[in-house]
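Structural overview
Residues per chain are reported as follows:
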Amino acid sequence: MLGLFCHYSLASENSITESSIAANIGESNTEKNTANKIRVLFVNPSIENDPFWHKIELITKQAATELNIDLAIIYGYGTRFFQLEELTKYFEQNPAPDYIVLLNYPGHGKLTMDFLLQQQVKVITLEQTIAKEEKSLIGTPGSKYKNWLGEIYFNNSNAGYMLAKELINMVKADNKKPIVAGISGHYGSESTLRNSGLQAAVNESGAQLTQIVHAGWSAEDAYKKTHKLLQRYPNINIIWCASDHMALAVVDAIEDLGKVVGSDILVGGFDWTPKAIASINNNKLTASVGGHFMMGAMAIMAIYNEEQGISHNIFVNEHYNSFELALISQRNINQYIHLLQSETLPQVSFKGLAQLYSTRAGKSSINLLEMLKKTSLKRVTSITNPSF
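Below or above, wherever it landed, is the structure these notes cover.

Rules used in this analysis
Residues numbered from 1 in each chain as written. Predicted model: local features only at pLDDT ≥ 70, side-chain atom pairs only at ≥ 80, totals over all residues. Heavy atoms only, no water. Salt bridge = Lys/Arg side-chain N within 4 Å of Asp/Glu carboxyl O. Helix = DSSP H or I, 4+ residues; strand = E, 2+ residues; numbered from the N terminus. Buried < 20%, exposed > 50% of the residue type's maximum accessible area, 1.4 Å probe, protein only. Pairing = 2+ DSSP bridges. Right-handed = clockwise from strand over helix to strand, strands pointing away. Axes fitted to C-alpha atoms, helices over the stretch in contact; angles between N-to-C directions. Parallel < 35°, antiparallel > 145°, perpendicular 65-115°, else oblique. Contact = heavy atoms within 4.5 Å. Nonpolar A, V, L, I, M, F, W, Y, C, P; charged D, E, K, R; others polar.

Here we take up the pattern of salt bridges. Enumeration over the complete set of coordinates arrives at ten salt bridges. The salt bridge involving Lys55 is made with Glu343; its shortest N-O contact spans 4.0 Å. Placement of Lys55 in helix α3 (residues 51–66) and of Glu343 in the loop between α13 (333–340) and α14 (350–356) is noted, with a sequence separation of 288 residues between them. Given a relative accessible area of 36%, Glu343 falls into the partly exposed group. Of the charged contacts, one joins Asp114 and Lys110 as a salt bridge, the two residues approaching to 2.9 Å between their closest N and O atoms. Residue Asp114 and its partner Lys110 are both found in helix α5 (residues 109–118); the two are separated by four residues, about one turn of the helix. A relative accessible area of 25% means that Asp114 is categorised as partly exposed.

With that settled, consider the pairing of strand β9 (residues 266–270). Summarising burial for β9: five of the five residues are buried, a large majority. With burial as the criterion, each face of β9 is covered, one bearing Leu266, Gly268 and Phe270 and the other bearing Val267 and Gly269. Of the strand pairs in this sheet, strand β8 (residues 238–241) and β9 are connected by three bridges, and their pairing is parallel. Its bridge partner lying in β9, Ile238 is registered against Leu266. Assessed by its sense of winding, the connection that carries the chain from β8 through helix α10 (residues 244–256) to β9 is right-handed. Following the backbone out of β9, through helix α11 (residues 274–281) and into the adjacent parallel strand β10 (residues 287–290), one traces a crossover that is right-handed.

Attention now goes to the packing of helix α4 (residues 80–93) against α5. Look at α4 against α5: their axes get within 11 Å of each other, and the N-to-C directions meet at 10 degrees. The angle between the axes of α4 and α5 places the two elements in the roughly parallel class. Where α4 abuts α5, its residues Leu84, Leu87, Thr88 and Phe91 lie against Leu111, Thr112, Phe115 and Leu116. Broken down by class, the residue content of the contact of α4 with α5 amounts to six nonpolar, two polar and no charged.

The analysis is restricted to geometry; functional conclusions fall outside its scope.
Shown next as C-alpha cells:
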C-alpha cells in the first residue's frame, strides 16, 4: 500500500453501507468506454506459469477485468537484463501505457527508472528490492522520479514471526517444549527478513531453535534437508518453512520417515497455494501465511480509484508502506477455505474491495482476510463501522 492518493475522510467511511457494496458487486464495467480505458502494463518479473507469480498475474488480471482497465502483460524472465530488454521492446512496438506496474530488479534500478521517466509513464513498483548504494541513486517514490507513484510491499519479518508464533503456541498447548528447525529460501533479503521473524518468535517464547538451513525455494532440496535435520535433531517438533512449495515437500519427508505430521511434527509455510490450503484442510500442513498475491491487484485498485476520482488509502504514509500478510491455520481454515481454494479469487468483488479501501484511515495493519470476506459474493456484510 502506497501513499500518493491518501485522501481519507470520516464522512466517506460512514456513508458506505452494505447496500452500496452489494450494488457494486457484479455491476457491469460502464465507467469508461473501451476507447477511453486506462492502459496498464504489468511486468511479471519471472517466466510464464511460475507458480508464485502466475497467481499474482491471474488475480491482477481479475481485478483489471472487473475494474474495466486494459491490462497488458510481459515477462522479465527472471533477470534484470531480460526485463529491461523486454521493456524496451514493448515501448518500441506499442504506445506508452498510462501506468506500469513492475518489480524493479536490483542492479538495474536507475537504468529502469530513467527509461520509464523518458517514456512519461506513471510507475508503481512491487516489493522493496533496491537497497544500499543503489537506493540512494533512485531515492524514494516521488522524490527523484516524480512519475514513481509508490511502492507496494509486505512485511516479511512480521509474517515470519506470525507463522512461528502459531506453530510454537500449538506445541506449547500440548505441554511440549517447542524444538524448531527452519527451512529458508535463497540467500537474499526476503529470506533474511522472514528468518528474523522466526528468530524473534523463538527468542520471545523460550523455544529452542536447532538450525535454519537454506533450500533455495526447491521442494527437492527441502525434502532432502528435512531428512538430514531429523537425523541430526531427532526431537524436532516444528519445521518452519519459507514457502508452501517447500513445506509440502517437508510433509512428504516426515511421513516417509514414519512420523505423524501434524502430531509428532508441525509444519508451516508461506503463500496460500491451493495445495497448501487443501493440506491444512486435511490436517497435514498446520498453517500458511499469505496475501502477497494481492500486490498487483492492489496497484490496479489504486489506479481505478484515482481515475474515478475516489479518495482512498491503498497508498498510505506518503508514498509507500508495507501491508500485513495474514495467517490461515487449522484453527480458522473453515472460515476462509471458500475464498482460497482456486488460483484466483472468483468470489471477491474488486469494486467492493476498492471501495473498502476508501473507508479506512491510513494504516499499514489491515486484516486482509476480513477484507476479502467482506467483499465476497457469498457473504456481503455491513461496513458502516468496520470492526477490523
